[in-house]
Structure formats: structure tokens, C-alpha cells
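# Structure at a glance
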Amino acid sequence: MSAKHQKLERHGVAFATMILIVASLGGLFEIAPLFTIENTIEEVEGMRPYTPLELAGRDIYVREGCYACHSQMIRTLRSDVDRYGHFSLAAESMYGHPHQWGSKRTGPDLARIGGKYTDVWQVAHLENPRGVVPGSVMPGYAFLANTRLGTTHLAGALRALRRAGVPYTDIQIEYAERHAIWQADKEAEYEDSLVDAYGTNVNVRDFDGDPQRLTEMDALVAYLQVLGTLANLDDLVLEDIAR
Amino acid sequence: MKGRLDKYTNTPTTGHEWDGIEELDTPVPWGFRLALKLAILIAATQWVLYPAWPYVVSYTSGMTGYSSRAAVAAAVKDGRSLRDQAFAVFVTPDLEELASKPGIREKFEPVIGALYRDNCSACHGRDLKGQANFPNLTDDHWLWSGELDEIEYTLQVGINSNHEDTRYAEMPAFGRDEILLKPEITDVVEYVLSISGQEHDLSAADRGAEIFAENCSGCHNDGGAGGYAFGAPSLIDSEWIYGGDRKAILATLNNGRAGIMPAWSERLNAAEIRMLTLYVQWAGSDDQGD
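Just so you know, these numbers come straight off a predicted model, no measurement behind them.

Definitions and limits used
- Residues numbered from 1 in each chain as written.
- Chains lettered and ligands numbered in written order.
- Predicted model: local features only at pLDDT ≥ 70, side-chain atom pairs only at ≥ 80, totals over all residues.
- Heavy atoms only, no water.
- Helix = DSSP H or I, 4+ residues; strand = E, 2+ residues; numbered from the N terminus.
- Buried < 20%, exposed > 50% of the residue type's maximum accessible area, 1.4 Å probe, protein only.
- Contact = heavy atoms within 4.5 Å.
- Areas by Shrake-Rupley, 256 points an atom, 1.4 Å probe, with all protein chains shown as cover.
- Rg over C-alpha atoms; globule rule 2.2 N^0.38 Å.
- Patch = residues over 30% accessible without salt bridge, like charges linked within 9 Å, V, L, I, M, F, W, Y side chains within 5 Å.
- Salt bridge = Lys/Arg side-chain N within 4 Å of Asp/Glu carboxyl O.
- 1 Å grid on protein atoms, 1.4 Å probe; cavity = no way out; pocket = protein on both sides within 12 Å on 5 of 7 lines; lining within 4 Å.
- Points joined across faces, edges and corners; volume = space filled by probe spheres on them.
- Nonpolar A, V, L, I, M, F, W, Y, C, P; charged D, E, K, R; others polar.

### Quick word on the overall build of chain A
- Counting its secondary structure elements, chain A contains 13 helices and zero strands.
- Ordered by position in the sequence, the α and β elements of chain A form the string α-α-α-α-α-α-α-α-α-α-α-α-α.
- Overall, chain A is about 80 × 45 × 40 Å in size when its C-alpha atoms are taken along their principal axes.
- Out of the 243 residues belonging to chain A, those deemed buried represent 42%.
- For chain A, contacts bridging at least 24 residues in sequence account for 70% of all contacts bridging at least 6.
- Carbon together with sulfur atoms contributes 56% to the accessible area of chain A, which is approximately 12800 Å² in total.

### Regarding the overall build of chain B
- Per the secondary structure count, chain B includes 11 helices and two strands.
- Taken from the N to the C terminus, the helices and strands of chain B come in the order β-β-α-α-α-α-α-α-α-α-α-α-α.
- By the compact-globule yardstick of 19 Å for 290 residues, chain B is too spread out, its C-alpha radius of gyration being 35 Å.
- Each principal axis of the C-alpha atoms in chain B carries an extent, and together these give about 115 × 55 × 45 Å.
- Considering chain B as a whole, with its 290 residues, one finds that 35% of them fall into the buried category.
- For chain B, the exposed area adds up to about 17300 Å²; of that, 57% sits on carbon and sulfur atoms.

### Looking at a nonpolar patch on the surface
- A surface patch of nonpolar side chains, about 810 Å² in accessible area, is lined by Val22, Leu25, Leu28 and Phe29 of chain A together with Trp47, Val48, Trp53 and Met63 of chain B.
- Among the elements of the structure, helix H3 (25-30) of chain A together with helix H1 (30-49) of chain B are those that each provide at least two residues to the nonpolar patch.
- Sort the elements by how many residues they give to the nonpolar patch and H3 of chain A lands first, with three residues.

### Quick notes on unusual backbone geometry
- With an omega of -5°, the peptide bond running from His97 of chain A to Pro98 of chain A counts as cis.
- Mapped onto the elements, Pro98 of chain A comes out in the loop between helix H5 (78-84) and helix H6 (119-127).
- In this model, Ser145 of chain B sits at a positive phi of 75°, which is unusual for a non-glycine residue.
- In the Ramachandran plot, Glu178 of chain B falls in the positive-phi region, its phi being about 55° despite a non-glycine side chain.

### With respect to empty space enclosed by the protein
All names here are of chain A.
- Overall, the coordinates contain three cavities of 30 Å³ or more when judged by the stated rule.
- Considering only enclosed or pocket space, the largest cavity measures out at about 230 Å³ in volume.
- Forming the boundary of the largest cavity are 20 residues, of which Tyr50, Gln72, Glu92, Ser93 and Leu227 lie nearest the centre.
- Broken down by class, the residue content of the lining of the largest cavity amounts to 10 nonpolar, eight polar and two charged.

So, in C-alpha cells, the structure goes:
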């Protein structure tokens, strides 16, 4: 044992500082460079921030702990790609704060669930999973259909996300609450406003089968139905995204 | 602090001493030291061969040019070409001829079953017999005809889906949108009960028949026999998608129906859609009832 090390061991603060420096090396080399390396996030057409309704659904997804059993990360493995579709891109979760990649699959991966099943099925399944999937171990979430969706906080939520780097515009923030209500409006009288703010790739319809009320079920299904449908994967060139 | 030599084992001590207890400074066994050095060597080799060290705007890409994404893309492509070979028989212009090929069902049905269970069974059930809101595929009652090429087309474009060529069918909300008055709707309900052979109110059903002829027969045909042209179900049989009792029919008339079948042409390739088409037909041909 060197004399220098013995000296270090006898000075508490110096020793603790050295431990911190050594322990942070991993992060320094594995995490910090991701913020400066240019190809961390791919350039993909079609990605947009979540609409307020989708965002509210995402908050419910997090609140109910869906991430504990469902990942949203199709890994670069053949088995994953064969079953769930194109592997996930970093760009697809760049507006997710926090991302919902997850590391546990008690249920299937949901990264590209959007559009695979109908709203009716999603609602029936959330209300009573074993009613449509015999043997499922998923809990039921029937109360979502009876719970009015709180919308008053949405403008604030968008503002907070803008601080975290999501490019919400002033208009989007100002109209957050109205956009949430309009998106679940079957009559879709205000569809143009949503399209102006978020582009054409927005599902405008009544999601929960009850056009009279805006419920948490509307929000969650709106969120599920947009998962994996935003990024334009057809135009991707493998050389550009190879990592 | 240099340790002294322990006289019993002839090994140096560490020099530490706790109330007279001392510690031998035995070297780490050579095997472990070798393993450590090998691990360092392997790590250093990997640094050279694979993407490893980050610098500010990029990282060392390694001599092999390895990319996990390129690797998985290649693996998926290999898998697809294997499947393309295995299922080449399904790429044929004549679907009817394919369906009548001997042995094809025995050979492929179990494989297609996996495809069905992954994509279709959530709604139509593992046994293809459907469930509430989702039609039974094994009976002989069809919304858009049970011809093979029509089934295939439905699979491709869906019904009320977001595919640009989707089949489209919507039962209007006669009650909610105030197309019919409340008593008119209850009369039509009685009429539908009567043509489907259920208990009904005779005089109400008579009144309902007239209203039906004016408002419903355009899609459901005269007498409620249904029609493939508009994807309108037959109302004279005992098969119902949304339930056939008084309460369910009333709900359908009040709020309308527009069931959705997703379009699969973007998730599944042509051969897979064709396989599922045959799978549906095979299941239907087993059903001896109707």
C-alpha cells in the first residue's frame, strides 16, 4: 500500500472527494456525452409534442403506474422488431418527460400500440381486461370512464414542459384547455384549430364511447392511440439512423 | 508502515495491528490476477473494434463499423426472406385456387394461428367466435360478403378505419341526432324484434314497418335482410354484434353504431393478409350450424 494512499485514507474530506470523482466517471463517460453528441436524437419527420388531451392521458398512464408492467421501447432485437414493429427511436420519446421506456414487460410493449386496436376495444379492455382477453392479469380501470377529466391544469402543464424543452407555442398553451375538450368532440367543429396547432396527424373523435362527457378514459385512449404513430418511419434511411 | 515477517508462515504482514492482532499480506492468487489482466485486455480490444469512447460531438466508431440497428435490420431482413420463401405459395393471383389446394390447410393453419392470435384475437376471440361489439367470424353472416377476395379487402383497408380506401358504414344515431321521434324509435324496435322472430308488440311493429321502410331499408334492405353494398347487417337472423334484445336494439337506434376494423395493410404484408383470409374461411367452413 503506497504511502500516498495511506495519507489519503486518513483525511475524511479528501477521501470522500476522491470517491465522488471516481464514482462519477461512469456518468461522465456514459451520460454526459449524450447531451453533446450530435446523433443522439435522430432527425425524423412527423414528431410533434403531445396534444393536451394526449398529455392528460399520459399523466393518467403514469399516475396508474402502467409503466410498471408495460414498456414503450422496442429494442434492437429481431424478436422485438418481428413482434412489435420498427425499433424505437430516441426521437420518438424526445417530448416525453419522463420517457416511458420501462424495463419490465408483464404486459406487452406499447410503443406502437396506436391504431392496432379500436377505441371500442381499448375501452372494453381497460374496463374489464378479462372480458376481452381471457387469462389476462391486468387490473381493470373501469373508473376512468366515470371520472371527469380535469383540464384546468393543462396550460400550466404545457408551460412546465416548455421549460423542459418541449416546443409548445404560446397559442398551444393559451388554447390547452379548449384543445383538450375539442379533440374528444365527435362533432369536431373545431378540428381546424387543432390541425393548425398540431398538424394533420391528430385523432379528433370521441374516444370513450360517451360523447356527452370528457372523461379520463377519453384522455388515456387518445394517448394510447397516438403511441408510435407520429414518426414517419417509411422515409427513414438506415444509414442515417445506424448507431 | 512496513510490515514485519510473520515467523510461522514466513509471509509479510500488512503492518496494521489491532490490539495485537495482525493481518498477513498474502498476494492475490495468480489465477485471479491473470483473469483481471485478461479482462482488461479484452476491454481494450473492444474499444478498438466497437463504438466506445465519446468525445464532444461524436464517438469513436470502432474498426468493425458495428451498429446494433444495422445488425437488427439485417437480422429482420433475413427472417423476412426466410418467411417469404416458406410462404411463397400464398403469393398468387388466384385466391380461390389457393384455397382449394390440397394439404395447404394442414400445413399452414398452426402457423397462421400464431399470426391470428397476435393481431386478431384481441377482438374476434381466440376461437374466432367474436364477442360483444366484435363479430363472429365462423358463422355464415357477413357484413361485406364472405367471398375470399372481399374478406381479404376488408383485412387490407379495414372498416371505418383511417386507411384512405376504407370500407365505410355508419348506422346513424336516430335518437340522439333527432332523426326520428322517441315513439317512432320504439315502434321500429318492435318491428326489428318481429322480423328477427322475437316477442314483440304487434301494433307497434306494424307502425314500425312503415318507418323502417322509409328510414332503414336503404341500407338494411326491404324486410331487414341486410346488404353487402352498405355493410349493413341482416336483422332477420339470430346473430347480433351489439345484442339483439329490446334494450340493445333501442341503444343502437338511439346512439348509432360505427364499428371499426383497423386496416392491416401497413402492419402485415400481402402474404400474411392472405394467410389470415384463408384462416378465417377455414374456421367458417368448420361451423356446421349456419
